[in-house]
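Geometric and topological summary
Each chain is listed here by its residues.
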Amino acid sequence: MLWQITVYPADPQHDRLAHQVANSVRLGVLGLNDQSMSGFQIASAHGFLLQGDLDLATVKKIATKLLTESAVERFEVSRVGDSSEENVEAGHLVYVLPKPGVTDAQADSALAAIQLLGATPSAARTFRRFQVTGLTNEEAQLLASRLLANESIEQVVFGPLQIKQLEIDNRYEFALTRVALREAGDDQLREINQAFQLSLNLVEMQTIQAHFRQLDRDPTDIELETIAQTWSEHCSHKTLAGRIDYCDEHGERHFNNMLKETIFAATQNIRKQLGERDWCVSVFKDNAGVIKFDDQLNLTFKVETHNRPTAIEPYGGANTGIGGVIRDTLGTGMGAKPLCNTDVFCFGDPNTQTRDLPPGVMHPRRIMQGVVSGVRDYGNRMGIPTINGAVFFDQRYLGNPLVFCGNVGMIPQEHSFKQPQHNDLIVSVGGRTGRDGIRGATFSSAELTESSEQTSSGAVQIGNPIIEKIVVDVVLEARDRGLYHAITDCGAGGFSSAVGEMGEEIGAEVWLDKAPLKYQGLSYTEIWISEAQERMVCSVPESHWEEFRDLCMSEGVEATVIGRFVPTGRLQLKYHDNIVGDLDLEFLHQGRPATIRQAEYAPSASLPLSTPSCFLPGESLLSILSSLNVASKHWIIRQYDHEVLGRSVIKPLVGSRNDGPSDAAVIRPRLDSQRGAVIACGMNPYFGDFDTYHMAASSINEAIRNCVAVGADPSRIAILDNFCWGFTDRPTTLGSLVRAALACRDIAEAYGTPFISGKDSLNNEFSYLDSSGKRQTISIPATLLISALGQVADVNQCVTMDFKQAGSLIYQLGQTHAELGGSHFSLVHQLTGGQVPQVDAGSSKALFAAVHQAIIFGWIKACHDLSEGGLSVALAEMSLAGDLGCEVELDSITFDRMRACDVERAQPEYKTIVQLFSESNSRFVVEVATEHQSLFEQHFGDLCQAIGRVQTIPRVTITSQGNPIIDLTIEQIRHAWQRPLDLGGEYQNGDLQ
Amino acid sequence: MSVPNVMVLRAPGTNCDEETAFAFEQAGGRAERIHINRLLEQPRVLEAFQIVCIPGGFSYGDDIAAGRILANQLMAKIADSLRAFRDAGKLILGICNGFQVLIKSGLLIDEGEQGFDATLTWNLSGRYEDRWVHLQTGDTSCVFLKDIEGMYLPIAHAEGRFAIRNREVFTDLADKGQLALCYARATAESDVEASDKKRCGSRDPNSIYKFPTNPNGSTGNVAGLCDVTGRVFGMMPHPERFIERTQHPHWTRLDHDVSIDGRKIFENAVRLFH
């Protein structure tokens with residue numbers, strides 16, 4: 001018997017689901033015409049399908065006691081397809097159900113809970129149902145696929161449900177697959193590569209062929225897949241850690257391992273210089289970088305990208321992105337405790353018209369909403385605060401949205417390293433293995449096309465944060481009891497990568513039939529490469545296995561022995577009694593052929609800044625404040641729990657109304673200590689359009705100055721790199737990346753700021769056929785995210801960016817240059833040319849140290865870094881956050897005009913533009929109490945320029961040579977800044993006091 | 001007895017247990033985090049404790065409805081033990097998800113034929129929200145709120161809107177003094193207008209503040225509910241997130257002697273056993 005329990009919002013309760021859909025339709029996500037829009041109506045219900053030998057009274061009891069909130073909901077019980085409230089004539093009836101095999105956590109929970117009520121249904125499934133009126137069939141289809149369902153994981157059914165039973169009987173008949181590789185010609189090798197979605201190049205295929213010719217046998221499918229996973233860009237970083245011939249205006253250079261010779265080298269040099277004071281613990285080795293925090297604790301930090309899955313399925317992609325990076329923390333050393341998340345996104349303009357979208361591209365607004373919900377639901381449910389982030393908008397991200405997920409963890413010093421031992425058991429802990437996420441590692445290394453949505457939906461994973469939460473709880477307990485020798489996460493490549501990496505120096509035998517499955521029907525290869533979420537692999541000595549298993553069981557976590565690390569130097573894969581794979585680990589990890597890639601960079605000729613057609617400084621400021629990259633992200637921030645774990649010190653929104661943009665977040669890793677960790681980031685793809693060297697230098701500078709602005713010690717900041725680039729087989733694209741890496745080396749070394757971990761995501765290009773049938777390609781701009789982890793000795797010394805007190809003095813710190821190339825002033829005025837901001841490492845290092853000292857001395861009441869929009873935006877933000885105005889005079893801000901060209905200098909308003917809007921690096925605005933004036937001025941000398949005072953009058957007033965040039969009320973500023981991304985309508989309906 | 005033992009009950013998805021236990025410790029209690037499986041197997045574990053706290057989080061992933069699964073487990077297996085615990089003069093506190101569990105488990109309000117007459121359900125905004133709110137206590141004998149008039153604390157939830165079947169339910173709760181905590185306006189830092197006093201537990205459930213003063217659209221601005229004994233209390237805001245000065249969202253603007261509102265809840269609970 002299959003019962004349907006349909007749950008409706010009771011009158012007069014709000015139909016939340018329908019409301020959300022209607023909102024998106026109104027915003028034009030479907031591109032409906034006005035007529036359809038006006039007739040459109042929608043009502044929602046949700047419910048459960050219960051299968052089993054149950055009578056009507058029992059089902060009604062289950063519905064009343066468990067499945068509905070009777071105070072706000074009502075329900076109807078019927079046989080499937082017999083619901084009396086289905087009205088097919090009045091429009092469209094749309095059911096949305098999880099596809100068979102896709103995790104349905106709600107249904108699983110319901111099944112367990114129903115048993116406590118004394119009934120035992122055999123299966124359950126959830127559904128959502130929509131009654132839609134006013135649309136044509138075509139429009140309803142569009143609505144269903146774009147807004148109601150996510151067809152990579154859900155199925156849509158029009159009309160009443162016709163399902164007979166929920167289980168799918170899908171047994172797997174074992175058959176060993178061998179791939180005829182030895183006799184294959186090059187064309188056939190390419191075909192095999194394509195057919196198995198291996199994402200390998202011809203030379204790599206030939207190398208594998210040669211290897212098996214030598215062995216005098218053909219590989220099995222699982223062997224081929226294992227090699228492809230291990231050699232994938234995602235797992236091995238073969239491009240950046242490979243050989244590169246690079247040339248730029250300084251000549252030619254050859255790298256044997258580009259990353260090692262640039263970014264890693266800088267870290268090694270810094271560590272050498274620090275000598276005994278070296279505070280790095282483990283860099284570029286483990287799942288995350290590890291640094292010292294205090295006498296007992298180390299901190300871990302890792303930022304991952306999850307771009308490809310997000311383009312196909314934003315919610316699941318972002319959801320599992322954050323889930324994955326949390327497992328990186330848990331898989332670092334012997335397991336670190338996750339402390340906080342950081343998330344950075346790059347999207348196309350959410351206001352893009354549907355008709356302007358390339359085929360196969362999801363609307364950026366839908367991507368953004370999906371991504372934010374995905375991060376929210378995973379982070380919040382895990383109970384890990386999301387405390388820092390950024391969003392960057394540019395149309396070049398339309399086909400390739402970027403999602404960076406980071407996590408900071410803490411780990412006792414003695415647990416910071418791991419070593420699996422011979423004959424340890426290989427234990428899978430946590431979630432079960434399903435078909436989800438198959439070939440994610442190879443997929444994430446390939447270019448997206450308009451058909452990616454169809455071919456790659458297996459690569460989409462769906463997370464279950466509660467499973468991961470209980471895994472974290474149990475693993476940390478097992479770590480403290482010393483129950484295992486090593487741990488790593490199942491990420492890209494699943495067991496294949498986790499076991500392959502862990503057993504690299506020993507050897508492993510894996511019993512694939514032992515892995516617990518979500519459902520039957522998986523082949524041995526699917527089990528091996530599945531990227532099902534929430535799984536960790538532990539190396540457990542036989543003597544501790546029982547205690548380990550019992551501990552896991554006591555908290556409801558599944559732990560299963562799936563093999564053993566045997567000292568053979570081979571990776572042997574078995575399915576029952578059959579050997580399905582037998583690979584030499586040396587070949588697997590070292591056998592990948594080195595390709596030499598060409599990289600070139602030709603700096604573009606510098607052009608003068610074009611002239612704005614009309615310049616009204618106040619209008620320019622408001623436009624910049626309203627521009628998407630600068631505008632308030634409160635709609636996102638407030639959906640994240642940023643305070644769970646009770647460690648929050650500086651929150652993402654600060655100031656008298658909790659609405660000012662903080663430069664960085666601060667937490668106390670230990671509840672019983674005042675020592676703080678500071679998290680910030682820096683990124684500016686627009687600068688990369690001019691010169692990726694200066695972009696990288698500026699991003700590092702920005703990440704560091706954000707940390708310093710809240711009080712971090714600049715000599716104790718660690719940074720991470722995340723390179724997201726276009727197609728790096730193109731020498732100019734690879735060249736722009738190498739150039740950025742060179743800047744990373746130079747600036748990191750000059751600052752003594754080590755990179756401790758990093759990750760790259762290459763080939764972020766989207767290709768499609770345009771309306772005339774021509775193939776078009778959009779490449780993302782060169783995007784380098786620098787994430788910073790700083791430290792502060794006593795959080796009570798921290799400073800926020802909001803103006804605190806009328807009458808205080810305002811200073812600008814640091815040197816302004818005529819640097820408007822890639823600036824937001826240029827963006828809002830659509831200007832081209834100009835000089836891109838550069839970094840003077842020597843002087844800025846001294847400035848950072850001076851700011852830090854002044855903060856410790858207590859002279860700085862408020863501090864804000866100057867970035868997008870320059871001085872004017874910084875002042876506006878400090879005023880709105882503090883609800884205090886300011887009166888500022890620009891004349892003391894001088895700059896070196898030599899950086900500008902004659903055309904620019906000839907503009908009458910040129911000087912003001914530079915003073916207000918230049919985005920020169922290494923600058924801050926600070927508020928200083930009058931009593932500290934002389935000490936402060938002595939301390940900074942030439943580096944500070946007194947520019948004005950904080951005032952009670954709620955206006956930002958800026959003058960130049962006695963003439964007022966900007967005079968705006970704080971309300972005008974707040975309005976401009978808060979509305980553009982106020983997607984929840986917070987500032988339209990609220991009664992803000 | 002001087003130092004009460006506090007059971008911080010954790011279930012799969014509970015995630016505020018560590019800081020909640022810490023808050024009780026700071027207030028002078030002796031806190032232990034106990035897994036629900038242990039309590040369900042051995043309900044007598046309860047006897048060693050004076051306070052039970054169900055902390056915030058997403059027990060069982062908020063599946064079906066927030067708090068529902070854990071509430072269902074408590075009701076099916078140890079409802080009598082928990083009632084006996086309360087009747088012995090001991091305390092039960094539910095914070096956020098813990099409040100959702102308590103209201104759905106019959107420890108705050110009774111279950112009728114059609115189910116419960118009141119619940120916590122989706123925020124009117126339809127979104128999860130992390131935000132600091134001003135609060136005011138009602139006319140209540142709630143032990144946890146002794147000598148507290150107003151508080152400034154963060155909420156962080158998606159399903160925190162207090163909703164009722166009909167007006168009579170609200171009147172009844174008000175009459176019994178169960179409407180213990182309400183969202184309120186503020187004039188200055190955590191100062192609550194005197195005129196608000198009558199709004200908390202007022203006779204008109206539909207007279208509510210707009211967002212964000214009432215952050216979720218709760219009926220009658222209700223943010224917390226106690227049972228008729230005053231010893232069982234559920235609240236949506238998170239007091240454990242404000243037990244240090246530097247947890248206040250604009251502590252950098254405030255004097256050193258700022259009132260640390262969350263601490264008082266834990267101190268009141270612990271002090272009952274001094």
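Throughout, a residue's number is its position along its own chain's written sequence, starting from 1. Written order determines the labels here, with chains lettered from A and ligands numbered from 1. Only residues with pLDDT of at least 70 get local features here, since the model is predicted, and only at 80 or more are side-chain atom pairs given and counted; chain-wide, interface and lining totals rely on the full set of residues.

1. Quick notes on the overall build of chain B
Helix numbering and strand numbering both begin at the N terminus, where a helix is a DSSP run of H or I of at least 4 residues and a strand a DSSP run of E of at least 2. Assigned secondary structure in chain B consists of six helices and 13 strands. When we talk radius of gyration, it's over C-alpha atoms, and the globule rule is simply 2.2 Å times the number of residues to the 0.38. Its C-alpha atoms give chain B a radius of gyration of 17 Å, near enough to 19 Å, the size a compact globule of 274 residues would have. If one aligns the C-alpha atoms of chain B with their principal axes, the spans along those axes are about 50 × 45 × 30 Å. Scored against the burial criterion, the 274 residues of chain B give a buried share of 64%. Backbone-placed C-beta atoms define the burial measure: a residue is buried with 20 or more other C-beta atoms within 10 Å of its own, exposed with 12 or fewer, and partly exposed in between.

2. Description of the overall build of chain A
The helix and strand tally for chain A stands at 33 helices and 42 strands. For 993 residues, the compact-globule formula gives about 30 Å, and the C-alpha radius of gyration of chain A, at 29 Å, lands near that figure. Dimensions of chain A, computed from the C-alpha atoms along their principal axes, are close to 85 × 70 × 65 Å. Here chain A, with 993 residues, has 58% of them falling under the buried criterion. Expressed as a percentage of contacts within chain A between residues at least 6 apart in sequence, the contacts between residues at least 24 apart total 82%. Here contacts are defined at the residue level, using C-beta atoms placed from the backbone and a cut-off of 7 Å between them.

3. Thoughts on the sheet that holds strand β8 (residues 251–255) of chain A
Residues and elements named next belong to chain A. By the convention used here, strands pair only if DSSP detects at least 2 bridges between them. Ordered in space as β8-β7-β23, the three strands form an open sheet in which the pairing is mixed. Lying at the two open borders of the sheet, with one neighbouring strand each, are β8 and β23 (596–600). Neighbour-to-neighbour, the strand axes of the sheet open up by a mean angle of 15°, direction not taken into account. Examined bridge by bridge, strand β7 (residues 243–248) and β8 share five bridges and lie antiparallel to one another. For helices, the fitted line uses only the C-alpha atoms of the stretch in contact; every axis is such a line through C-alpha atoms, and the angle between N-to-C directions lies from 0 to 180 degrees.

4. Thoughts on the environment of A:Val344
All names here are of chain A. With respect to the helices and strands, the residue Val-344 is situated in strand β12 (residues 337–347). Here Val-344 falls in the buried class, since 22 other C-beta atoms lie within 10 Å of it. Sequence-wise, Val-344 and Asn-33 are 311 residues apart; in three dimensions their C-alpha atoms are separated by 34 Å. Apart from residues no more than four positions distant in its own chain, Val-344 is found in contact with Gly-389, Ala-390, Phe-404, Cys-681, Met-683 and Leu-785.

5. Examining the sheet that holds strand β8 (residues 129–137) of chain B
Within a beta sheet, neighbouring strands are joined by backbone hydrogen bonds and run either parallel or antiparallel to one another. Residue and element names in this part refer to chain B. With respect to topology, nine strands assemble into an open sheet ordered β2-β1-β3-β4-β13-β12-β11-β8-β9, the strand pairing being mixed. In this open sheet, the two strands that pair with only one neighbour each are β2 (30–35) and β9 (150–157). With direction set aside, neighbouring strand axes in the sheet form an average angle of 25°. Strand contacts of helix α6 (residues 261–271): β3 (51–54), β4 (91–95) and β9, with the helix running at about 100° to β9, the strand carrying the most contacts.

6. Topic: the interface of chain A and chain B
Contacts between the two partners involve 58 residues from chain A and, on the opposite side, 58 residues from chain B. Ranked by the residues each element gives to the side of chain A that touches chain B, the list is headed by helix α4 (residues 105–116) of chain A, at six residues. Nonpolar residues are Ala, Val, Leu, Ile, Met, Phe, Trp, Tyr, Cys and Pro. Charged residues are Asp, Glu, Lys and Arg, and all others, Gly as well, are polar. Taken together, the residues of the side of chain A that touches chain B sort by class into 20 nonpolar, 24 polar and 14 charged.

7. Focus on the packing of helix α21 (residues 617–626) of chain A against helix α28 (residues 870–882) of chain A
Residues and elements named next belong to chain A. In contact at an axis separation of 10 Å, α21 and α28 are set at 70° when each is read in the N-to-C sense. Classified by the angle between their axes, α21 and α28 sit roughly perpendicular to one another. Contact residues: α21 offers Leu-621, Ile-624 and Leu-625, while α28 offers Ser-872, Val-873 and Ala-876. Among the residues making up the contact of α21 with α28, the classes are represented as five nonpolar, one polar and no charged. Every angle not falling under 35 degrees, over 145, or within 65 to 115 is termed oblique; those three ranges are roughly parallel, roughly antiparallel and roughly perpendicular.

8. Notes on the confidence of the model for chain B
Values of pLDDT, ranging from 0 to 100, describe the predictor's confidence in every residue of the model. The pLDDT averaged across chain B works out to 92; a share of 93% of its residues lies at or above 70. The ipTM, which scores confidence in the relative placement of chains, is 0.95 for this predicted complex, and the corresponding pTM is 0.94.

9. Here's the deal with helix α3 (residues 56–67) of chain A
Buried within α3(A) we find A:Thr58, A:Val59, A:Ile62, A:Ala63, A:Lys65, A:Leu66 and A:Leu67. Lining the buried residues of α3(A) we find β1 (2–9), β2 (41–51), β3 (73–79) and α4 of chain A together with α3 (68–87) and β6 (115–116) of chain B.

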